[in-house]
Amino acid sequence: MGSIEVHQGRSTLPLGLWVALAGLVIDQAHKYWMIYIYDIASRGRVTVTPFLDLVHAINPGISYGLFEQSGGLGQWLLSGFAVLISIALVFWLLSQTSRIKAVSIGLIIGGALANAIDRPIYGGVADFFSLHAFGFYWYIFNLADVWIVAGVIGLLYDSTGESRKKTAKAA
């Protein structure tokens, strides 16, 4: 396994914030391109590979359509909740010295804010990627969702670091 790089006493806040900003900008640029330039809505389902299609879907809820909000007020509330979570994550980021944690937290912040921006603009989160195999379709997602999942995986990986070190020392 790879090593976890830690800079003792040095905040990784700038790194995390740059990752968040990059993730937000890339996601929003991709959504703009898909909706206004590629015009995915008029194309319907576009087959990319036997297991990946491009589609246009608006998710008025959160993951898997939970807490669906059809009205403008509900979308603003979900956006506000994402902003509050992102602010809490920035405070957590302030105390981090691990680069992998900073990148992971930054990915989650960037993804959450990117999806929060969609809600008042589109009435929900704009999603485009549909994975499927053997007749089973997973949920439709966007790049911001990828950032969030990658961030969570990074945090889970980082959380096992101390356990790995303790196990190696005990052996």
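All of these numbers come straight from a predicted model, not from anything done at the bench.

## Concerning the overall build of the protein chain
Part 1 of the reasoning: Within the protein chain, the secondary structure is distributed over six helices and four strands.
Part 2 of the reasoning: Within the protein chain, the fraction of its 171 residues that count as buried is 40%.
Part 3 of the reasoning: Within the protein chain, counting contacts between residues at least 6 apart in sequence, those at least 24 apart form 70% of the total.

## Concerning helix α1 (residues 13-37)
Part 1 of the reasoning: Compared with an ideal rise of 1.5 Å per residue, which puts 25 residues at 36 Å, α1 spans 35 Å between its outermost C-alpha atoms and is within 8% of the ideal.
Part 2 of the reasoning: Regarding α1, the residues found buried are Leu13, Gly16, Val19, Ala20, Gly23, Leu24, Asp27, Gln28, His30, Lys31, Met34 and Ile35.
Part 3 of the reasoning: Backbone geometry just after α1 places aspartate 39 at a positive phi near 55°.

## Remarks on the packing of α1 against helix α5 (residues 143-159)
Part 1 of the reasoning: Contact pair α1 / α5: the axes reach a minimum separation of 8 Å and the direction vectors enclose 150°. Overall, the two elements α1 and α5 adopt an arrangement that is roughly antiparallel. Contacts between α1 and α5 involve Gly23, Ile26, Asp27, His30 and Lys31 on the former and, on the latter, Leu143, Ala144 and Trp147.
Part 2 of the reasoning: Of the residues in the contact of α1 with α5, the class split is four nonpolar, two polar and two charged.

## Describing the packing of helix α4 (residues 99-122) against α5
What describes two packed helices is the angle between their axes and the distance between those same axes.
Part 1 of the reasoning: Two elements in contact, α4 and α5, have axes whose closest approach is 7 Å; the angle formed by their N-to-C orientations is 155°. By the criterion of interaxial angle, the relationship of α4 to α5 is roughly antiparallel. Crossing angle aside, the handedness with which α4 passes α5 is left-handed. Across the interface between the two elements, Ile100, Lys101, Ser104, Ile105, Leu107, Ile108, Gly111, Ala112, Ala114 and Asn115 from α4 touch Ala144, Asp145, Trp147, Ile148, Ala150, Gly151, Val152, Gly154, Leu155, Tyr157 and Asp158 from α5.

## A few points about the sheet that holds strand β2 (residues 52-59)
Part 1 of the reasoning: Strands sit in the order β1-β2-β3-β4 across an open sheet of four strands; the sheet is antiparallel. If you trace the sheet from one side to the other, it starts and ends with β1 (46-49) and β4 (136-141), each paired once. The average angle at which neighbouring strand axes cross in this sheet is 35°, direction not considered.
Part 2 of the reasoning: Where strand β3 (residues 125-133) meets β4, four bridges bridge the pair, whose relative direction is antiparallel. Bridge pairing in β4 places phenylalanine 129 opposite phenylalanine 141.
Part 3 of the reasoning: In the packing of α4 onto the sheet, the strands contacted are β2 and β3, and the crossing angle to β3 comes to about 115°.

What counts and what doesn't
Residues numbered from 1 in each chain as written. Predicted model: local features only at pLDDT ≥ 70, side-chain atom pairs only at ≥ 80, totals over all residues. Heavy atoms only, no water. Helix = DSSP H or I, 4+ residues; strand = E, 2+ residues; numbered from the N terminus. Buried < 20%, exposed > 50% of the residue type's maximum accessible area, 1.4 Å probe, protein only. Contact = heavy atoms within 4.5 Å. Expected span 1.5 Å × (residues − 1). Axes fitted to C-alpha atoms, helices over the stretch in contact; angles between N-to-C directions. Parallel < 35°, antiparallel > 145°, perpendicular 65-115°, else oblique. Nonpolar A, V, L, I, M, F, W, Y, C, P; charged D, E, K, R; others polar. Left-handed = near helix turned anticlockwise from the far one by under 90°. Pairing = 2+ DSSP bridges.

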